[in-house]
Amino acid sequence: MTTPDTNSWTGIRAELLRRIHARVWEPGAQIPHEADLAEEFGCARTTVNRALRDLAESGLVVRKRRAGTRVALNPPQRATLTIPIIREEVEALGRTYRHSLLERDFRPLPPMLHGAFQVTLGKDVLFLKTVHFADDRPFAFEERYINLEAAPDARDARFEDISANEWLVHNAPYSHGDLSFFAVNADERLSRKLDAAPGTALFSMERITWSGAVPITHVRLVYAPGYRMRTEI
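Within any chain, residue numbers begin from 1 and follow the written order of that chain's sequence. With the structure being a predicted model, the display of local features is reserved for residues of pLDDT at least 70 and the display and counting of side-chain atom pairs for 80 or more, all residues being used for whole-chain, interface and lining totals. Side-chain metrics rest on all non-hydrogen atoms present in the structure, leaving aside hydrogens and water.

## Quick notes on the packing of helix α1 (residues 9-21) against helix α2 (residues 34-41)
Put simply, the rule reads: Axes here mean lines fitted to C-alpha atoms, for a helix over just the part in contact, with angles spanning 0 to 180 degrees between N-to-C directions. Helix numbering and strand numbering both begin at the N terminus, where a helix is a DSSP run of H or I of at least 4 residues and a strand a DSSP run of E of at least 2. Each angle gets one of four labels, with under 35 degrees taken as roughly parallel, over 145 as roughly antiparallel, 65 to 115 as roughly perpendicular, and the rest as oblique. Every residue pair with non-hydrogen atoms within 4.5 Å of one another is taken to be in contact. Side-chain classes follow a simple rule in which Ala, Val, Leu, Ile, Met, Phe, Trp, Tyr, Cys and Pro form the nonpolar group, Asp, Glu, Lys and Arg form the charged group, and the remainder, Gly included, forms the polar group.
Here α1 crosses α2 at 110°, and the two axes come no closer than 12 Å. Comparing their axes, α2 and α1 come out roughly perpendicular. For the pair α1 and α2, the contacting residues are Ile-12, Glu-15, Leu-16 and Arg-19 in the first and Leu-37, Glu-40 and Phe-41 in the second. The residue makeup of the contact of α1 with α2, split by class, is four nonpolar, no polar and three charged.

Now the structure itself:
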């Protein structure tokens, strides 16, 4: 068996997860106390606590004050979604990627987004419009708002050589997000942007990412006809 990396909470989390999956600890079983695990792994108790907290947030263990930590009886079955870098999506299809920045502007957040994307009132956000291409054919149309309090370096980023999608993945780590999928019919604007016939049903998504309680970005993506999303469960 590979010795777990006890220098990091992620290494300890991986070992705890291995024991859960291997049924070393059965569903409902009590997990050893943090102090005992810290002694076993030769690390600080805070490192074990961070690993257990992450497992609890994933729903794999249940933590109760004074009752300790137990393996969840019915852990959630979840699909894992990551934020894709559109350039990598296009290149994985064997096609050539480029993007075109259509608009870059500082403006107040639209009132319709105040409930979902709670930035400081009166503060400008960065607004971007971008078309992503695959082999010079439209792949996706993007409208994005960036909270400059969460990603201040975006203020000076031009997003001409690298898209905001890719820049944010590398420069603005997120803790969680909200994601919705829906279909839209191509209006005159989307018909022009995505080279689609008016009325064509298009796949669309809206996504908000957060760093703790601070919103980072709100993005709406509409994909050209024929797009398929794939993930793993």
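## Here's the deal with the pairing of strand β6 (residues 137-146)
Which entries qualify depends on this criterion: Any residue under 20% of the maximum accessible area for its type is buried, any over 50% is exposed, and the rest in between are partly exposed; the area is computed with a 1.4 Å probe on protein chains only. At least two bridges found by DSSP between two strands are what make those strands a pair.
Among the 10 residues that make up β6, nine are buried, leaving the element largely enclosed by the rest of the structure. Here nine bridges tie strand β5 (residues 124-134) to β6, and the two strands are oriented antiparallel to one another. Each bridged residue has a counterpart across the sheet, and for Val-131 the counterpart in β6 is Phe-141. As defined by bridge partners, β6 adjoins strand β9 (residues 214-223) across seven bridges and the pair is classed as antiparallel. Each bridged residue has a counterpart across the sheet, and for Glu-142 the counterpart in β9 is Leu-221.

## Points about the sheet that holds strand β1 (residues 30-31)
In spatial order, the strands read β1-β3-β2; together these three strands make up an open sheet with antiparallel pairing. If you trace the sheet from one side to the other, it starts and ends with β1 and β2 (61-64), each paired once. Note: β1 against strand β3 (residues 68-71), two bridges, orientation antiparallel. Residue pairing for β3: Gln-30 is matched across the bridge by Arg-70.

## Notes on the pairing of β9
Burial within β9 is extensive, with eight of its 10 residues counted as buried. Note: strand β8 (residues 201-211) against β9, eight bridges, orientation antiparallel. Its bridge partner being in β9, Thr-209 is matched across the sheet by Thr-217. Between the antiparallel neighbours β8 and β9 lie two residues, among them Gly-212 with a positive phi of about 65°.

## Structural notes on the pattern of salt bridges
Note the cut-off: Should a side-chain nitrogen of Lys or Arg be within 4 Å of a carboxyl oxygen of Asp or Glu, the pair is scored as a salt bridge.
One pass over the full model with this rule turns up 20 salt bridges. Two residues, Glu-103 and Arg-107, come together in a salt bridge whose shortest N-O distance is 2.7 Å. By relative accessible area, Glu-103 is classed as partly exposed at 26%. Each of Glu-15, Arg-18, Arg-19 and Glu-40 takes part in one network of salt bridges that share partners.

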